[in-house]
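Geometric and topological summary
So the chains spell out like this:
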Amino acid sequence: MTAHPDDEVFAHGAAITMLSQQGSRVVLCTASGGEAAENDVISSAEARRRRAARLDAACTRLGVSEWNWLAEGRWTDTAGRQRPGSLTSASVSDLAEVIAAQVHQIIPDVVLTVGPDGLTGHPDHILIHQAVASAVASCEVPVFGSYLLPADIAQGRDLLAKILPGEPVGSGRMTGRDEPSASPLAAPAHVAEARRAALDEYANGLGTLTLKELVRVFPGRGDSLLLRAVLDAIGWQTERYTRLSA
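Below is a summary of the structure that appears in this document.

Basis of the calculations
Residues numbered from 1 in each chain as written. Predicted model: local features only at pLDDT ≥ 70, side-chain atom pairs only at ≥ 80, totals over all residues. Heavy atoms only, no water. Axes fitted to C-alpha atoms, helices over the stretch in contact; angles between N-to-C directions. Helix = DSSP H or I, 4+ residues; strand = E, 2+ residues; numbered from the N terminus. Parallel < 35°, antiparallel > 145°, perpendicular 65-115°, else oblique. Left-handed = near helix turned anticlockwise from the far one by under 90°. Contact = heavy atoms within 4.5 Å. Nonpolar A, V, L, I, M, F, W, Y, C, P; charged D, E, K, R; others polar. Pairing = 2+ DSSP bridges. Right-handed = clockwise from strand over helix to strand, strands pointing away. Buried < 20%, exposed > 50% of the residue type's maximum accessible area, 1.4 Å probe, protein only. Expected span 1.5 Å × (residues − 1).

In this section: the packing of helix α1 (residues 7–21) against helix α6 (residues 191–200). Axis separation between α1 and α6 bottoms out at 9 Å; the angle between their running directions is 130°. When the interaxial angle is binned, α1 and α6 end up oblique. The chirality of how α1 crosses α6 is right-handed. Side by side, α1 and α6 meet where V9, F10, A11, G13, A14, T17, M18 and Q21 of the first sit next to V191, A194, R195, A198 and L199 of the second. Residues belonging to the contact of α1 with α6 are distributed by class as follows: nine nonpolar, three polar and one charged.

Written out as structure tokens, the structure is:
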């Protein structure tokens with residue numbers, strides 16, 4: 001369960017690839033169209049179509065069996081700004097109701113989402129975490145939330161500081177958290193190739209260029225770049241999860 005297209009790669013790319021390669025049916029549910037990321041497109045509908053194509057290609061790279069919108073067209077990505085119809089403005093109860101319906105329809109063995117801090121501190125990610133936790137509170141399905149340690153983020157920042165000295169990277173919301181009930185995932189090393197290729201579907205070279213090459217061509221200096229550096233630091237096959245329920 002994710003908030004935007006590309007969250008599936010950053011939060012769960014290793015787990016999705018590993019599970020799919022083991023023969024599991026992996027279903028991805030995404031709440032918004034990720035329209036804010038396609039900032040050169042005037043029409044929100046066109047931005048959504050473009051982002052959906054990227055999501056579809058990334059899912060193919062990771063081995064996702066099928067994906068769908070939680071409620072197609074209901075919530076829009078507005079980069080965390082409160083606007084009518086934005087995911088950021090959605091209520092936890094409304095979102096939880098839609099998620100619960102998906103859970104009852106899919107009947108999953110396990111649900112993956114983000115941890116309490118939303119992995120990056122983004123308000124939409126935190127909202128998804130809260131809604132998933134509410135939706136499955138009465139279910140027996142195990143739910144795991146992905147997160148990063150403060151040390152992971154510090155390592156990513158150190159890599160970037162060597163390439164972009166003095167230049168701030170990231171929103172400032174991504175701080176990481178120490179979890180007492182952590183369940184680290186160490187997927188096989190070969191899943192890194194699929195995860196890198198999936199990120200490339202969202203921006204050329206975001207997954208496969210070296211970090212030094214990437215900063216020359218990647219237009220943003222936000223959390224996507226910081227997350228990429230963190231993956232380089234901790235390993236593309238590494239993900240951290242905390243158990244949220246059941």
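We now examine the pairing of strand β3 (residues 111–114). Bridge analysis of β3 against strand β4 (residues 143–147) gives four bridges, and the strand direction is parallel. Looking at β4, one finds that V111 is bridged to V143. For the handedness criterion, the β-α-β arrangement of β3, helix α4 (residues 123–135) and β4 is classed as right-handed.

The next point concerns unusual backbone geometry. In this structure, D6 takes a positive phi of about 100° despite not being glycine. Note that D6 resides in the segment before α1. Under the relative-accessibility criterion, D6 is labelled buried at 12%. A positive phi angle is found at I107, which is not glycine, with a value near 55°. Residue placement: I107 occurs in the loop between α3 (92–106) and β3.

As a further point, take helix α8 (residues 223–234). For α8, with 12 residues, the first-to-last C-alpha span of 16 Å sits near the 16 Å given by 1.5 Å per residue. Within the sequence span of α8, burial applies to D223, L225, L226, L227, R228, A229, V230, L231 and I234. Close packing links the buried residues of α8 with α1, α5 (150–163), α6, α7 (211–217) and β6 (238–245). Just beyond α8, the residue with positive phi is G235, at close to 105°.

To continue, consider the sheet that holds β3. Taking strand neighbours across the sheet as the criterion, the four strands line up as β3-β4-β6-β5 in an open arrangement whose pairing is mixed. Strands with a single pairing partner mark the edges of an open sheet, and in this sheet they are β3 and β5 (182–186). When the angles between neighbouring strand axes are averaged without regard to direction, this sheet yields 35°. Bridge count for β5 against β6 is five bridges, and the pairing is antiparallel. Note on β6: the bridge partner recorded for L185 is E239. Seen against the sheet, α1 touches β3, β4, β5 and β6 and runs at an angle of roughly 90° to β6.

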